[in-house]
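Structural features, examined
Here is what each chain is made of, one letter per residue.
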Amino acid sequence: MRAKKGINQMKRPTPANAAKFVGALLLFANLPLFAQPSSAGPPTQADTVGSDYVIGVLVLLLVAVGTALVLLARRFLAMRKEMAANVRLLDDFFLHSNVAMKVKDKDGRILRVNDVAAGLMGRPAKDLLGKTVDVVATPETAQLIRMHDHEVLDGHGVTAYEEHLNYLGGSYSLLTRRFPITDEHNAIAGVGVISMDITQRMHTEQELRIAKMEADSANRAKSLFLANMSHELRTPLNSIIGLSELTFEQAEEREDHETAEIMQRVVNAGRHLLSLINDILDISRIESGRIELHTEVVHVQTLLESIINSMQPLARANGNKLLLEAAPGVDLACVDVTRLRQVVLNLIGNAVKFTRNGEVKVALSCQGEHLQIVVADTGIGMTPDQLQRIFEPFEQADRSIARRFGGSGLGLTISRQLLGLMGGNIGVTSDIQSGSVFTVTLPVGDVGNAQARSYLLADDIQPMPGRNQVVLVVDDDEDACELVRNALERDGINVVSASSGEQALALTRSLRPAVMVLDILLGDMTGWDVLAAIRADPEHAELPVILCTVTDPDQRTGVLGVVEHLTKPFDRDHLSHLVQRFVGSGKNSSLLVVDDDDFYRDSIANALRQEGHQVDTAPNGEHALTIMRNRPPDLLLLDMVMPGMDGLAVIEAMRTDPLLAPVPIMLVTAADISPEVTRNLYERAVLLVRKGEADHADVVYHVHRLLDRLRIPMGGHEARAAT
Amino acid sequence: MTTVLYVEDDEDNAFMLGRRLQRHGIQIRHVEDGEKALIAAVWKRPDAVLLDINLPGINGLEVLQKLRANALTRDVPVIVLSAHVMEDDILRAMQAGANAFVPKPIDFPKLLDALQRVIQHDNPDLEDSAS
């Protein structure tokens with residue numbers, strides 16, 4: 001209770017102060033009394049005539065003063081009462097608050113503490129007054145509290161912390177706010193502390209975090225299980241289907257029709273099992289959100305035509321006509337082709353399966369921003385009851401249908417889920433005996449101003465095998481193209497130019513150039529887009545690209561496998577030199593032939609010289625190393641068995657020499673090499689050519705193939721590292 | 001004769017595909033792990049490699065990366081055969097440098113097509129012996 005008095009003393013006016021106040025008021029009230037005689041009439045008359053008057057005035061004054069005093073006293077009492085009420089109110093707040101509150105002096109002694117705070121510290125409030133937290137807290141906690149208190153005492157204003165404290169009463173997580181308490185001179189006299197116990201909240205949060213982690217890991221485990229299950233089922237199924245097919249083929253050849261029929265049934269059952277595995281996998285992936293859509297801009301009608309063409313044999317097998325009706329005005333759409341194909345295949349598949357000697361019509365139209373694909377058949381149809389369950393898993397209209405018509409019974413479930421993912425939907429109407437109509441609605445998507453047709457056309461061009469000795473220059477500035485053409489044609493290199501990104505991609509696919517010189521600023525798309533599209537196409541992922549920019553290269557060049565970089569305006573000789581690395585027949589390479597057999601060495605060297613190469617020779621390992629250190633060759637032809645330093649020793653010496661480590665080696669040997677040695681040589685990109693088995697022409701052929709291969713860079717900088 | 005190196009640890013699968021390809025005039029060299037595959041590929045360059053992904057020791061993707069990092073085998077066509085058929089699996093195989101991906105269970109005519117395509121593509125002058 002001492003602390004309570006302390007606070008009261010700070011706030012209440014003392015009696016001494018009140019007395020001064022009243023005295024001052026009296027002084028003020030008396031002023032007219034002393035002033036009166038000076039303003040009254042002549043003094044002589046006043047003594048005789050004015051005595052009654054003076055008494056009257058005095059009485060009046062006394063009454064006035066008395067009234068003023070009573071009023072003042074009342075006012076004072078009211079103020080006192082109000083202040084007392086305020087203090088009680090504050091006390092009540094302090095006592096009954098559900099947050100912990102304390103007031104401490106400069107030395108950390110507790111002046112006031114409420115029950116909540118005392119409860120946390122594990123002692124009754126009265127036992128804590130005048131003490132520091134050291135008596136109720138572990139040394140670490142006390143230290144932390146002192147540190148935080150001192151921040152406030154040192155004038156850092158109001159602070160807030162999340163504190164984890166260990167008291168006698170237990171361990172708590174507190175959200176604590178501290179503020180300075182000032183005395184009448186506005187100096188900091190202590191610290192006020194308000195703490196909210198968030199232990200429970202922290203506990204709950206942690207529980208939630210753990211629950212989420214567990215759920216995530218369960219989800220991952222489920223995905224992993226799914227992937228493994230799929231793998232484990234497929235592996236034996238591969239043998240079952242493959243061996244049944246093999247037996248079927250053999251039985252057919254023997255004209256053993258009975259066995260052939262049995263095996264055909266095994267094959268069909270195996271395929272049915274496979275389709276079930278695929279469908280279950282699909283559903284699980286959709287449900288666990290593991291399916292990603294890959295949308296691209298396509299010509300929808302062309303897509304549907306290709307699907308329908310692939311379904312014609314199945315339709316004809318049941319005597320059905322399968323037709324496409326495309327409304328005018330349906331052009332491009334941005335869709336996931338694989339998934340849309342899956343849905344449409346499923347619908348047409350069902351339609352031709354449940355229709356005999358009838359018609360299946362696929363209608364394509366555009367309804368505003370939506371694409372509509374309607375698949376209508378003249379088949380067996382469904383009852384309203386069947387219609388209701390048609391999208392549920394394993395709900396073919398009738399159990400017997402699975403046996404009669406095959407299918408997993410999951411196709412429509414998957415179709416509906418896929419369409420949901422794509423932002424579309426599917427509906428159905430049907431009459432028993434007169435057929436069913438499935439309607440798919442799908443947003444057209446953002447087709448932009450893409451000229452998707454040129455993609456389709458580029459795909460139609462049959463790629464020519466191998467790479468042609470052509471340089472493809474991509475720049476929307478014709479003058480720039482001409483400049484490159486001049487620089488390169490001077491050296492007898494064929495140049496083809498493309499003025500847009502679309503054209504560049506189409507020409508890359510149809511021409512298969514040896515190297516592309518790509519400007520980064522194009523009209524329709526950026527050079528980065530062109531690069532990304534090329535790298536995404538496995539056919540051209542390794543096409544060497546020389547990038548031209550007016551700016552400095554950024555880090556994307558590394559990611560997208562740019563082999564060289566040219567800054568505009570570029571030097572003609574530099575460009576020509578770069579391009580030469582990727583174009584040309586590999587003639588004029590410098591080679592070194594090392595063999596202790598004089599006849600063999602010289603004849604090989606001559607054969608290679610006739611091909612236009614610069615050839616040095618060396619009779620032994622030491623000599624070879626001397627020549628190479630002087631001038632590293634493009635390729636080393638090395639005999640394995642030599643007196644003195646043998647082939648392996650030369651390779652070992654080269655490995656440790658930074659100048660020679662990158663030189664590719666072709667090992668020419670008559671000796672048998674053990675697999676262990678081969679394994680050691682493997683990382684060095686050594687080509688083995690067996691002497692005796694290979695004649696000179698073979699060696700020359702191998703040299704050229706190797707030179708060609710070495711010229712194709714693998715992922716940019718790795719080219720040298722790999723050799 | 002076209003020679004294909006088949007890397008497969010499942011014996012039944014190896015037996016089945018070996019028999020079937022032989023009927024189409026394709027010689028199979030079968031090895032059951034990645035280490036042997038790398039040695040075999042260097043020792044006698046095959047016309048193509050059929051590569052399983054789940055292998056004991058170094059897995060198929062690593063084998064593929066090593067084949068692609070070596071100048072000798074950099075351009076040997078590789079068809080990945082795998083029962084791991086998730087999109088990620090296929091993408092990883094293509095990124096590692098596979099020429100084609102054929103999922104297991106194998107659609108045999110498709111595998112033959114893929115084989116003919118990659119072999120002709122790699123070696124236009126080579127007379128195709130697959131029928």
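Look a little higher up for the structure.
1. Some details on the overall build of chain A
Counting its secondary structure elements, chain A contains 26 helices and 22 strands. Taken over 723 residues, chain A has a buried fraction of 27%. Sequence-distant contacts, at least 24 apart, represent 63% of the contacts inside chain A between residues at least 6 apart.

2. Focus on the overall build of chain B
Along its length, chain B carries 5 helices and 5 strands. Starting at the N terminus, the α and β elements of chain B follow one another as β-α-β-α-β-α-β-α-β-α. Out of the 131 residues belonging to chain B, those deemed buried represent 47%. Sequence separation of 24 or more characterises 58% of the internal contacts of chain B that already satisfy a separation of 6 or more.

3. Here's the deal with helix H8 (residues 199-254) of chain A
All names here are of chain A. Here H8 contains 56 residues, and its C-alpha end-to-end distance of 81 Å stays within 8% of the 82 Å for a straight helix at 1.5 Å per residue. Those residues of H8 that fall on the buried side of the exposure criterion are Ala 227, Arg 234, Thr 235, Asn 238, Ser 239, Ile 241, Gly 242, Leu 243, Ser 244 and Glu 245. With its phi angle positive at about 60°, Glu 255 sits one or two positions after the end of H8.

4. Considerations on the sheet that holds strand E9 (residues 359-367) of chain A
Residues and elements named next belong to chain A. Spatially, 5 strands are ordered E7-E9-E10-E12-E11 in an open sheet, and the strand pairing comes out mixed. Pairing within the sheet leaves two strands with one partner each, and these edge strands are strand E7 (321-326) and strand E11 (425-431). Strand-to-strand twist across the sheet, computed as the mean angle between neighbouring axes with direction ignored, equals 15°. Pairing analysis gives 7 bridges linking E11 to strand E12 (residues 435-443), with the strands arranged antiparallel. Looking across to E12, one finds that Asn 425 is bridged to Thr 441. Strand contacts of helix H11 (residues 337-353): E7, E9, strand E10 (370-377) and E12, with the helix running at about 20° to E10, the strand carrying the most contacts.

5. Looking at the environment of A:Met202
On the secondary structure map, A:Met202 appears in helix H8. For the pair A:Met202 and A:Leu174, spaced 28 residues apart in sequence, the C-alpha separation works out to 9.7 Å.

6. Structural notes on the environment of B:Pro77
Residue and element names in this part refer to chain B. You can see Pro 77 is positioned in the loop between helix H3 (60-69) and strand E4 (78-82). You can call Pro 77 buried: it has 22 C-beta atoms within 10 Å. Distance from Pro 77 to Gly 97, taken between C-alpha atoms, is 9.2 Å for residues 20 residues apart in sequence.

7. Side note on unusual backbone geometry
Residue B:Pro105 is bonded to the preceding B:Lys104 through a cis peptide linkage, with omega at 0°. When you line up the elements, B:Pro105 lands in the loop between strand E5 (100-103) and helix H5 (108-122). Phi at A:Glu255 takes a positive value of approximately 60°, unusual for a residue other than glycine. Its identity as a non-glycine residue notwithstanding, A:Asn357 has a phi of 50°, on the positive side. Relative to the helices and strands, A:Asn357 resides in the loop between H11 and E9. You can call A:Asn357 exposed: it has 9 C-beta atoms within 10 Å.

8. What to know about the packing of H8(A) against helix H9 (residues 257-287) of chain A
The description of two packed helices rests on the angle between their axes and on the distance between the axes. Residues and elements named next belong to chain A. At a closest axis distance of 9 Å, the pairing of H8 and H9 adopts a crossing angle of 160°. Relative to H9, the element H8 is oriented roughly antiparallel. As for the relative orientation of H8 and H9, their crossing is left-handed in sense. A class-by-class count of the residues in the contact of H8 with H9 yields 15 nonpolar, 7 polar and 3 charged.

The rules behind these values
Residues numbered from 1 in each chain as written. Chains lettered and ligands numbered in written order. Predicted model: local features only at pLDDT ≥ 70, side-chain atom pairs only at ≥ 80, totals over all residues. Helix = DSSP H or I, 4+ residues; strand = E, 2+ residues; numbered from the N terminus. Buried ≥ 20, exposed ≤ 12 C-beta atoms within 10 Å, placed from the backbone. Contact = placed C-beta atoms within 7 Å. Expected span 1.5 Å × (residues − 1). Pairing = 2+ DSSP bridges. Axes fitted to C-alpha atoms, helices over the stretch in contact; angles between N-to-C directions. Parallel < 35°, antiparallel > 145°, perpendicular 65-115°, else oblique. Left-handed = near helix turned anticlockwise from the far one by under 90°. Nonpolar A, V, L, I, M, F, W, Y, C, P; charged D, E, K, R; others polar.

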